[in-house]
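# Structural characterization, general
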Amino acid sequence: MFPADFRYLRAESLPHALDLLADGEDVKVLAGGQSLLPMMKLRLAVPEAVVDIGGITELAGVSPDGDRVRIGALTTYRALQRDELIAARFPAMTDALAVLADQQVRARGTVGGCVAHGDPAADLPAVLLALDASVTVAARGATRTVALGDFLRGIYATDLATGEIVTEISVGAAPPPGQAYEKFEQSASHLPLAGVCAALSVSDGVITSARVAVTGVAGRVFRSFDTERALAGAPAEPASLEASAALAADGAEPLSDQHATGPFRQHLARVLARRALARALTRATGEVPPR
Amino acid sequence: MPSATDVSVELTVNGRSCRREVPARTLLVHFLREQLGLTGTHVGCDTTQCGACTVAMDGVAVKSCTVLAAQAGGHEITTIEGIGDEGKLHPVQHAFWAEHGLQCGYCTPGMVMAVRQIIADNPDPTDADVRRGLAGNICRCTGYQNIVAAALAAAAAMRES
Ligand code: FES
Ligand code: FES
């Protein structure tokens, strides 16, 4: 299959892209194309025009900036996997990148595209949410920054308005070292039926703070506040993890489809939360857990 | 007559530059097969899952069914036709032959291009590395055993040479 006809517009710069986007009614932004092109091939997306931003090189790359690390929207998964700063400070991202899609898709798929697409079963948003990411969005004459938790609205639904482009994702430059991502994948698509990212801060044998994000289970990636509350102040030992992981999917309205029922997805979330927390704790304390 | 949805695409394929006017919706795989006659790159699915269409774009393996020809403009593409020839197979091609890493052969061009990438990124992969690396390639015939064996043999041969 191939897409329906469209006008192809290549943007030379961000302002040019924003102008092109403002000109048309039914215009889609094309970055790496690893989500948009499959949808266009299946005619699930039939845009009148496509603005290719792939050549805007200044939108790619990872750079530290004070207390944040900026990830350009056009940074590919492959580039992230090979970035030294990411490898050194964001082990949960490394976990997710290793199991995300496949090597060919990682070579083209971009972080900004992933976030803008709003797929409720994507790997990286869980990690980004656990790491308190924010999303920078440009429109003609304005930019704004939104917390990722507010940006992701629902199934393929985001806060992105007509005429806007995601330009950057940023995360805190000093995340807790105790972080990990675990998933259970649908074996044909490699998308998570459930995926959990945990980020723990530990001090003197006590969990001082926790962020836990779940993907693939509900209509949007969400933080499991029950799990986080149960962890805060708890002793940094396996029993605390066990009890709090059991709450990971509480309150979620689970998705049910041909691949998995809602209750199965919730079950997976609990199991994966336990595994992610255990690995996060190991990384936080530098101790190797008993097998 | 060029229409509003046509684009001019100029790119380098297997070291030769070429230029064609095509509808914007033309996928790179169709450009290679239909405009350039390079039919070694296959189409096995509609959903970016099978990897039969794998080529290298600026030296990195991608799925040519999920790249517009227009996006490939200005870039360098290497297809299965560009990595070896009958008298002198690429070491990965040789290993697929020696290890019997194929049956019908439909997936093979994509497998070879994907294995090249796995070895380029990690010259000494384990069995598990190869299997994970081939997550984006589907074979309906072999059961993968000999494909993995071929990848490991190719990696060993390439480390020695
Ligand atoms: S034809 Fe490209 S992945 Fe199947
Ligand atoms: S050899 Fe037939 S599909 Fe792989």
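Calculation notes
- One numbering rule holds for all chains: residues counted from 1, following each sequence as written.
- All chains are assigned letters beginning at A, and all ligands numbers beginning at 1, according to the order in which they are written.
- For a predicted model such as this one, the threshold for reporting local features is a pLDDT of at least 70, and the threshold for listing and counting side-chain atom pairs is 80 or more; totals across whole chains, interfaces and linings nevertheless cover every residue.
- Derived side-chain values reflect all non-hydrogen atoms in the structure, with water molecules and hydrogen atoms excluded from consideration.
- DSSP bridges decide pairing: two strands pair if at least two such bridges lie between them.
- Numbering of helices and strands runs from the N terminus, with a helix taken as a DSSP run of H or I at least four residues long and a strand as a DSSP run of E at least two residues long.
- What counts as an axis is a line fitted to C-alpha atoms, over the stretch in contact for a helix, and the angles between N-to-C directions run from 0 to 180 degrees.
- Domain borders in the structure are assigned automatically or taken from a domain database.
- Note on contacts: a residue pair qualifies if any of its non-hydrogen atoms lie within 4.5 Å across the two residues.
- Accessible area, probed at 1.4 Å, shrinks when two parts are joined; the buried area is that loss added up over both.
- Just to be clear on terms, a salt bridge is a Lys or Arg side-chain nitrogen sitting within 4 Å of an Asp or Glu carboxyl oxygen.
- For this analysis, a polar contact is any N or O atom pair within 3.5 Å, provided that within protein one partner can donate a hydrogen and the other can accept it, and provided that sequence-adjacent residues contribute only side-chain to side-chain pairs.
- Residues are sorted three ways: Asp, Glu, Lys and Arg are charged, Ala, Val, Leu, Ile, Met, Phe, Trp, Tyr, Cys and Pro are nonpolar, and all the rest, Gly among them, are polar.
- Using a 1 Å grid laid over the protein atoms alone, points where a 1.4 Å probe fits but cannot get out form a cavity; open sets with protein on both sides within 12 Å along at least 5 of 7 lines form a pocket; any residue with an atom within 4 Å of a point counts as lining.
- Grid points are joined across faces, edges and corners, and a volume is the space filled by probe spheres set on the points.
- Nonpolar cores are built from buried Ala, Val, Leu, Ile, Met, Phe, Trp, Tyr and Cys residues. Side-chain atoms within 4.5 Å join them into one set.
- Here the term buried applies to any residue with accessible area under 20% of the maximum for its type, exposed to any over 50%, and partly exposed to those in between, with areas from a 1.4 Å probe on protein chains only.
- Expected helix span is computed as 1.5 Å times (number of residues minus one).

Bringing the sheet that holds strand 4 (residues 62-65) of chain A into the picture now. Residues and elements named next belong to chain A. Taken in spatial order, the five strands of this open sheet run 4-5-10-6-7, and their pairing is antiparallel. Of all strands in the sheet, those with a lone pairing partner are strand 4 and strand 7 (142-147), marking the two edges. Taken pair by pair, the neighbouring strands of this sheet meet at an average axis angle of 25°, ignoring direction. Where strand 6 (residues 134-139) lies against strand 10 (residues 165-172), five bridges are found, and the strand directions are antiparallel. Counted as the bridge partner of A138 is I165 from strand 10.

Residues and elements named next belong to chain B. Domain assignment breaks chain B into domain 1 (6-82) and domain 2 (91-160). Relative to domain 2, the C-alpha centre of domain 1 lies at a distance of 22 Å. Between domain 1 and domain 2, the contact holds 18 residues from the first and 13 residues from the second. Summed over both sides, the interface of domain 1 with domain 2 buries roughly 1,100 Å², with 58% coming from carbon and sulfur. A per-residue breakdown of the area domain 1 buries against domain 2 is headed by H42, T54 and I80, which together make up 40% of the total. Scanning the region where domain 1 abuts domain 2 turns up zero salt bridges. Across the contact surface, domain 1 and domain 2 share seven residue pairs in polar contact (both at pLDDT 80 or more). Split by residue class, the side of domain 1 that touches domain 2 holds eight nonpolar, nine polar and one charged.

Residue-level contacts link 36 residues of chain A with 35 residues of chain B. Summed over both partners, the interface of chain A with chain B comes to about 2,800 Å²; 53% of that surface belongs to carbon and sulfur atoms. Connecting chain A to chain B are five salt bridges. A salt bridge links R25 of chain B to D5 of chain A; the shortest N-O distance between them is 3.3 Å. The tally of links from chain A across to chain B stands at 16 residue pairs in polar contact (both at pLDDT 80 or more). Those elements giving two or more residues to the side of chain A that touches chain B turn out to be strand 1 (7-10), helix 2 (36-41), helix 5 (91-99) and helix 6 (103-108) of chain A. The dominant element in the side of chain A that touches chain B, judged by the number of residues it contributes, is helix 6 of chain A, at five residues. Partitioned by chemical class, the residues of the side of chain A that touches chain B number 18 nonpolar, seven polar and 11 charged.

Residues and elements named next belong to chain A. Spatial strand order, 1-3-2: three strands in an open sheet with parallel pairing. Single-partner strands in this sheet number two, and they are strand 1 and strand 2 (27-30). If you compare each strand with its neighbour and ignore which way they point, the axes differ by 25° on average. Strand direction decides the pairing type here: strand 1 and strand 3 (residues 49-52), joined by four bridges, are parallel. Bridged to R10 within strand 3 is D52.

Residues and elements named next belong to chain A. A full pass over the atoms with the stated rule returns one cavity of 30 Å³ or more. Size it by volume and the largest cavity reaches roughly 40 Å³. What lines the largest cavity is G118, D119, P120, P125, L152, G154, R220 and V221.

For a regular strand, side chains alternate in direction, first toward one face of the sheet and then toward the other. All names here are of chain B. In the sheet, strand 1 (residues 6-13) pairs with strand 2 (residues 16-23) via eight bridges, with the strands oriented antiparallel. The residue of strand 2 that forms the bridge with E10 is R19. Connecting strand 1 to the antiparallel partner strand 2 that follows it, the hairpin turn spans two residues, and N14 within it adopts a positive phi of roughly 50°.

Moving on to the nonpolar core. Formed by 42 residues in total, the largest nonpolar core has its most connected members in M93, L124 and L128 of chain A. Both domains that meet at this core, namely domain 2 (57-172) and domain 3 (178-285) of chain A, each give it at least three residues. Setting aside residues up to four positions removed in sequence, M93 of chain A forms contacts with I71, L80, I86, L124, V127, L128, L131 and Q179 of chain A. By size, the runner-up hydrophobic cluster in this structure holds 33 residues, among which are L36 of chain A together with V55, V62 and A72 of chain B.

Attention now moves to helix 3 (residues 108-121) of chain B. Compared with the 20 Å implied by 1.5 Å per residue over 14 residues, the 20 Å span of helix 3 of chain B between its first and last C-alpha is a close match. With 11 of 14 residues buried, helix 3 of chain B lies mostly within the body of the structure.

All names here are of chain B. With phi around 50°, D58 is a residue other than glycine that occupies positive phi space. Inspection of the secondary structure puts D58 in the loop between strand 3 (54-57) and strand 4 (60-63). Despite not being glycine, H100 shows a phi value in the positive range, around 55°. The topology assignment puts H100 in the loop between helix 2 (91-98) and helix 3.

Now for the pattern of salt bridges. Per the stated rule, a full pass over the model turns up 26 salt bridges over all chains. Residue E168 of chain A is joined to R70 of chain A by a salt bridge in which the shortest nitrogen-to-oxygen separation is 2.5 Å. Here the residue E168 of chain A occupies a position in strand 10, and R70 of chain A occupies one in strand 5 (residues 68-72), the gap between them amounting to 98 residues. Using a relative accessible area of 32% as the deciding quantity, one classes R70 of chain A as partly exposed. Between R19 of chain B and E21 of chain B there is a salt bridge; the shortest N-O distance is 3.7 Å. R19 of chain B sits in the partly exposed class, given a relative accessible area of 48%. Residues joined in a network through salt bridges with shared partners are D95, E182, R279 and R283 of chain A.

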